[in-house]
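# Summary of the model geometry
Here are the chains, one letter per residue:
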Amino acid sequence: MKFSLNRELLLKPLLLVSGAVERKSTLPILSNILFEISGQSLTLTATDLELEMVAYANVDNQGEDGKLTIPARKLLDICKSLPDNSLISFESIDETIKLSSGRSRYSLSTLPAVDFPNIEEWQGDVEFHLLKSEFLRLIESTHFSMANQDVRYYLNGMSIECEGNEIRSVATDGHRLAICKISNDTLALPARQVIVPRKGILEIIRLLAPVDESVKIFLGTNHIRIIDTEFSFTSKLVDGRFPDYRRVLPRNGDKVFETNKDALRQVLSRASILSNEKFKGVRLNFSDTNLKITANNPEQEQAEEEIEINFPYGELEIGFNVSYVLDVLSAIKDENVKFTLADANSSVVIEGSNNGEALYVVMPMRL
């Protein structure tokens, strides 16, 4: 194998696939990227056995077609440190790959391509096109509510559901719930629900740009695949049943107030500075025209903030994990937010005042 290409043409696909490279693997080959040359095209593949990333580049092929695996981290670091627009030449000799660019020479050890694991071929039984900006909005609106290393493994991911012309994303860690739905009249989908693992969701956020370009999405029995002009991304699915979140949506909320999102976020952020670092609890005291926010910590320090609101329901005191509320306020795009409450022991429903796409439920804390 002997080929060359411009640094920029290699760096982009290298960065795309590097997210799937396993850092602390017991299998040495998972630290490598599979390079496959066919004619003038180069295919790069990386996997950690759960995710697989494939990206493409055009090369000047001066030798035979073939494939080999190259250490990902070292190759990426070399490419990043070379000057802009450098021409990089690759030549495989025995079990090494020689890199040359200008006066720079590198020799890296390779591993046999036959040992590189391949996610099995499969057919998606549900497939559809969606704008990158729409799919990204669907995931970014809810991903922060996913659990992290919960023993209930099915919570360590996001439920993606489709039916008819609607696609929904749902995430919960047992203390909060986030739901976002997108309607697209061009879709006519069967009812389907899959759980994409946390690492897969974070990788999708890294890969997608908020642009009005279409991507193809396949849902299979055990995998989700996203195909773009520049890459193909595949992730295994979590095998489990996602909880029926519809049963926990509060229905008894009879107290509604709206306020400016940024103003509320600022006072909550300031109050959170003096909240208990472990529990992050803040107390919200509602009266007819005023919301008082207080936070305490074990050092007997206290923060108190006030904001004017319209709340004609009498007095109410309720406690929340301030981080959960701030996450929601960061995700909502509307200028104003709407809170629907029932009493001190019931969950609150938070949503944007104008946009009905996303809905958030946060459980109260006993303080």
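Everything discussed here concerns the structure shown above.
Residues numbered from 1 in each chain as written. Predicted model: local features only at pLDDT ≥ 70, side-chain atom pairs only at ≥ 80, totals over all residues. Heavy atoms only, no water.

Quick look at the packing of helix α1 (residues 7-18) against helix α2 (residues 72-81) now. Here α1 crosses α2 at 140°, and the two axes come no closer than 10 Å. Our classification of the angle between α1 and α2 gives oblique. Taken as a pair, α1 and α2 cross one another with a handedness that is left-handed. Between α1, through Arg7, Leu10, Leu11, Leu14, Leu15 and Ser18, and α2, the contact on the second element is made entirely by Leu75, Leu76, Cys79 and Lys80. Across the contact of α1 with α2, the residue classes tally to seven nonpolar, one polar and two charged. (Axes fitted to C-alpha atoms, helices over the stretch in contact; angles between N-to-C directions. Helix = DSSP H or I, 4+ residues; strand = E, 2+ residues; numbered from the N terminus. Parallel < 35°, antiparallel > 145°, perpendicular 65-115°, else oblique. Left-handed = near helix turned anticlockwise from the far one by under 90°. Contact = heavy atoms within 4.5 Å. Nonpolar A, V, L, I, M, F, W, Y, C, P; charged D, E, K, R; others polar.)

This paragraph deals with the pattern of salt bridges. Side-chain pairs of opposite charge can arise whenever the charged atoms involved come near each other. Applying the stated criterion across every chain yields a total of 21 salt bridges. Here arginine 137 and glutamate 357 are joined by a salt bridge, their closest N and O atoms 2.9 Å apart. Taken together, the positions of arginine 137 in helix α3 (residues 132-140) and glutamate 357 in the loop between β24 (348-352) and β25 (358-362) put the pair 220 residues apart, joining distant regions of the chain. When its relative accessible area of 30% is taken as the criterion, arginine 137 is described as partly exposed. The salt bridge partner of glutamate 161 is arginine 168, with a shortest N-O separation of 3.1 Å. The pair glutamate 161 / arginine 168 is uniform in exposure class, with both members buried. (Salt bridge = Lys/Arg side-chain N within 4 Å of Asp/Glu carboxyl O. Buried < 20%, exposed > 50% of the residue type's maximum accessible area, 1.4 Å probe, protein only.)

Within this structure, the stated rule accounts for nine aromatic pairs. Measuring from ring centre to ring centre gives 5.7 Å for tyrosine 153 and tyrosine 154, while their planes differ by 75°; the resulting arrangement is edge-to-face. Overall, the relative accessible area of 24% leaves tyrosine 154 in the partly exposed class. When the ring of phenylalanine 257 is compared with that of phenylalanine 339, the centres are 5.0 Å apart and the planes differ by 20°; the resulting orientation is stacked. Of this pair, phenylalanine 257 sits in strand β18 (residues 255-260) while phenylalanine 339 sits in strand β23 (residues 336-341), and the two are 82 residues apart along the sequence. The exposure class assigned to phenylalanine 257 is buried, which follows from its relative accessible area of 2%. Each residue in the set Phe257, Phe286, Phe311, Tyr313 and Phe339 is aromatic and connected to the rest through ring pairs, giving one cluster. (Phe/Tyr/Trp six-rings, centres within 6.5 Å; stacked < 30°, edge-to-face > 60°.)

So, about unusual backbone geometry. Residues other than glycine seldom take positive phi values, yet leucine 49 does so here, at roughly 80°. Looking at the element boundaries, leucine 49 is found in the loop between β3 (41-47) and β4 (51-58). With a phi angle near 55°, aspartate 94 is a residue other than glycine that sits in the positive phi range. Turning to its location among the elements, aspartate 94 is positioned in the loop between β7 (87-93) and β8 (96-101).

Pairing within the open sheet is antiparallel, and its five strands lie in the order β5-β1-β7-β8-β9. Two strands bound the open sheet, and with one partner strand each, they are β5 (60-61) and β9 (104-109). When strand β1 (residues 2-6) meets β5, the two strands line up antiparallel, connected through two bridges. Directly across from serine 4, in β5, lies its bridge partner aspartate 60. Relative to β1, α1 is tilted by about 90°, and along the sheet it contacts β1 and β7. Sheet strands in contact with α2 are β7, β8 and β9, and its direction is about 170° off that of β9. (Pairing = 2+ DSSP bridges.)

Glancing now at the environment of asparagine 58. Checked against the element boundaries, asparagine 58 lands in strand β4. For asparagine 58, a relative accessible area of 59% puts it in the exposed group. When the C-alpha atoms of asparagine 58 and threonine 43 are compared, they prove to be 8.8 Å apart, with 15 residues separating the residues in sequence.

Our next topic: the pairing of strand β15 (residues 214-219). Pairing geometry for strand β10 (residues 126-131) and β15, over six bridges, is antiparallel. Counterpart to leucine 131 in the pairing with β15 is serine 214. Sheet analysis places β15 next to strand β16 (residues 223-227), joined by four bridges and oriented antiparallel. Note on β16: the bridge partner recorded for leucine 219 is isoleucine 224. Linking two consecutive strands that pair antiparallel, namely β15 and β16, is a turn of three residues.

The next subject is the nonpolar core. Counting residues in each nonpolar core, the largest one holds 102 residues, and the members touching the most others are Leu10, Phe35, Phe90, Leu264 and Phe286. With seven residues, helix α6 (residues 322-331) is the largest single contributor of residues to this core. In this view, phenylalanine 90 contacts Met1, Lys2, Phe3, Leu5, Leu10, Ile70, Leu75, Ile97, Lys98 and Leu99; residues no more than four positions away in its chain are not counted. One finds Val238, Phe242, Val349 and Val361 within the second-largest nonpolar core, a separate group that totals ten residues. (Core = buried A, V, L, I, M, F, W, Y, C linked by side-chain atoms within 4.5 Å.)

Quick look at the environment of serine 31 now. Counting through the fold element by element, serine 31 comes out in the loop between α1 and β2 (32-38). What makes serine 31 partly exposed here is its relative accessible area of 26%. With 17 residues separating them in the primary sequence, serine 31 and aspartate 48 have C-alpha atoms 8.4 Å apart. With sequence-adjacent residues up to four places away left out, serine 31 is seen in contact with Val21, Glu22, Pro71 and Ala72.

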